[in-house]
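# Report on the structure
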Amino acid sequence: MSKTNAAIIGYGGMGSWHGKYLLASDVANLCGIYDIKEERRKLAQENGIRAYSSLEELLGDESVEIVTIAVPNDRHKPLAIKAMEAGKHVICEKPVTLSSADLKEIFDASERCGRLFTTHQNRRWDCDYLMMKEAYASGKLGKVFGVESRYQGSRGIPGDWRGRKEYGGGMMLDWGVHLIDQMLGIVYDKKVESLYCRFDHLTNDEVDDGFKLDLYFEGGLTARIEVGTSHFLSLPRFFMAGTSGTAMVNDWRDRCRLVCCDKWEEKDVKPVVTAAGLTKTMAPRDEKTTTESFIERPASDVHDFYRNFCAAVRGEAEMTVTHAQLMRVMKIMEASFLSDEKREPVKVEDCIY
Ligand code: NAD
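Here we summarise the structure given alongside this text. Here the structure is a predicted model, which means the values were calculated and not measured.

## Side note on the environment of Met282
The residue Met282 is located in the loop between β14 (277–279) and β15 (290–295) in this model. Taking C-alpha positions, Met282 is 8.3 Å from Pro271, a pair spaced eleven residues apart along the chain.

## Let's talk about the packing of helix α4 (residues 76–85) against helix α5 (residues 100–113)
Axis angle and axis distance: for two packed helices, these are the angle between their axes and the distance between the axes, and together they describe the pair. Running from N to C, α4 and α5 point in directions that differ by 5°, and their axes come no closer than 9 Å. Judged on the interaxial angle alone, α5 and α4 are roughly parallel. Listed contacts from α5 to Lys77, Ala80, Ile81, Met84 and Glu85 of α4 are Asp102, Glu105, Ile106, Ala109, Ser110, Arg112 and Cys113. When grouped by side-chain class, the residues that make up the contact of α4 with α5 number six nonpolar, one polar and five charged.

## Things to note about the site of the ligand
With respect to spatial proximity, 25 residues lie near the ligand, and among them Met14, Asp35, Asn73, Lys94 and Arg162 are the closest. At a separation of 2.8 Å, an oxygen atom of the ligand approaches a polar side-chain atom of Arg162. Expressed as a share of its isolated accessible area of 850 Å², the protein-covered part of the ligand is 85%. Here the residues of the shell around the ligand sort into ten nonpolar, eight polar and seven charged.

## Thoughts on the sheet that holds strand β7 (residues 192–200)
Within the open sheet, the nine strands sit side by side as β15-β12-β11-β10-β6-β9-β8-β7-β16. Their pairing is mixed. Both edges of this open sheet fall to β15 and β16 (346–347), since each of them pairs with a single strand only. Sheet topology places β7 next to strand β8 (residues 210–217); eight bridges connect them, and they run antiparallel. Looking across to β8, one finds that Phe199 is bridged to Phe211.

Rules behind the numbers
- Sequence order as written defines the numbering, with residues in each chain counted from 1.
- In keeping with the predicted nature of the model, local features appear solely for residues at pLDDT of at least 70, side-chain atom pairs appear and are counted solely at 80 or more, and the whole-chain, interface and lining totals rest on all residues.
- The side-chain numbers reported here are obtained from all heavy atoms of the structure, hydrogens and water having been left aside.
- Counting from the N terminus, the helices are the DSSP runs of H or I reaching at least four residues and the strands are the DSSP runs of E reaching at least two.
- Here an axis means a line fitted to C-alpha atoms, over the contact stretch when the element is a helix, while the angle between two N-to-C directions is reported on a 0 to 180 degree scale.
- The labels follow the angle: roughly parallel below 35 degrees, roughly antiparallel above 145, roughly perpendicular from 65 to 115, and oblique for the rest.
- Should any heavy atoms of two residues lie within 4.5 Å, those residues are counted as being in contact.
- Three classes are used: nonpolar for Ala, Val, Leu, Ile, Met, Phe, Trp, Tyr, Cys and Pro, charged for Asp, Glu, Lys and Arg, and polar for all others, with Gly counted as polar.
- We define proximity as follows: a residue is near a molecule or strand when any one of its heavy atoms falls within 4 Å of that partner.
- Distance and chemistry together define a polar contact, namely a pair of N or O atoms within 3.5 Å, with one atom able to donate a hydrogen and the other to accept it when in protein, and with adjacent residues in sequence counting only for side-chain atoms on both sides.
- The method behind every accessible area is Shrake-Rupley, applied with a 1.4 Å probe, and residues are considered shielded solely by the protein chains displayed.
- Note on pairing: two strands pair once DSSP finds at least 2 bridges between them.

Here it is, written out as structure tokens:
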């Protein structure tokens, strides 16, 4: 099978990662990169990669079929549209744009130019997420009424463009985009009706350095998504509560632990003695009425992202990351900013496609 020719715009942290891993996917050739900074172009050449001297030179290279965009967030839209107008299929880094109106312009360009466009939602291949997806879909937990997803770092926002509003910085756009996309993948069968979000500004007034977002799904399921950058201890990465079982992934290296209750009516337990008195209500059940099991970490290969996109370019597959999915994540992020501004819950429309 012939390989698809790709080039990368932006050879920073993520651009160099794309360089390595589109090659590792075995379905693409790397034709070269373009970066506005000369030192980055020089570094690419030192790494044996062709560095185009201008954007025009890269887009004018007729052998290039796919362009991957890995530049700061505010620059995604103009570059994506320009690349599609030059006849290239485009993979754009997340968050794809800073607003749903900008995203619509990209989709319109994709339609007008007849070129494919997708976004690098690579955290769909994370094992912790895949195990929670399985826990939810298995039905073992009964009626799921709560899902919690967290990343809690301790080193603030990186001191680059991610701390600046004009470049599309902040943790909602950086990490929220992944965690919202994952949550909608886990709770695949329900619509988000409304949400409430509060942002943190512990280290940065311009952009958020963390947030707590509650998504209210139809049927009473609440999902909490939380990102922090000033935490020296972390809550579990994932937690899921159902009427007959609970699932937890402690951190991203962990497997998923499930505790299910087989004998709901057999409630008698030894009371817990606290300093202030006894409690049976809050005492944990024992192994006579619960069963522990595990979902092991699945095999997952993130290179399938490029394999899928290259197959889609050849007309042999549907894109895994669809326009509709990108738009619903963008709308939830927009509604989150609005909720924080108004200090109240807001309705979310058009969030299932
Ligand atoms: P970075 O600052 O390390 O690199 C950005 C590079 O883009 C720099 O080398 C800069 O010189 C170059 N650049 C800026 N404007 C340009 C332009 N107009 N034309 C060409 N080059 C230009 O940033 P990064 O960490 O690599 O992030 C880049 C993108 O990748 C962002 O959108 C970020 O959100 C995304 N990202 C995604 C993941 C993921 O897991 N999917 C991880 C990290 C970053």
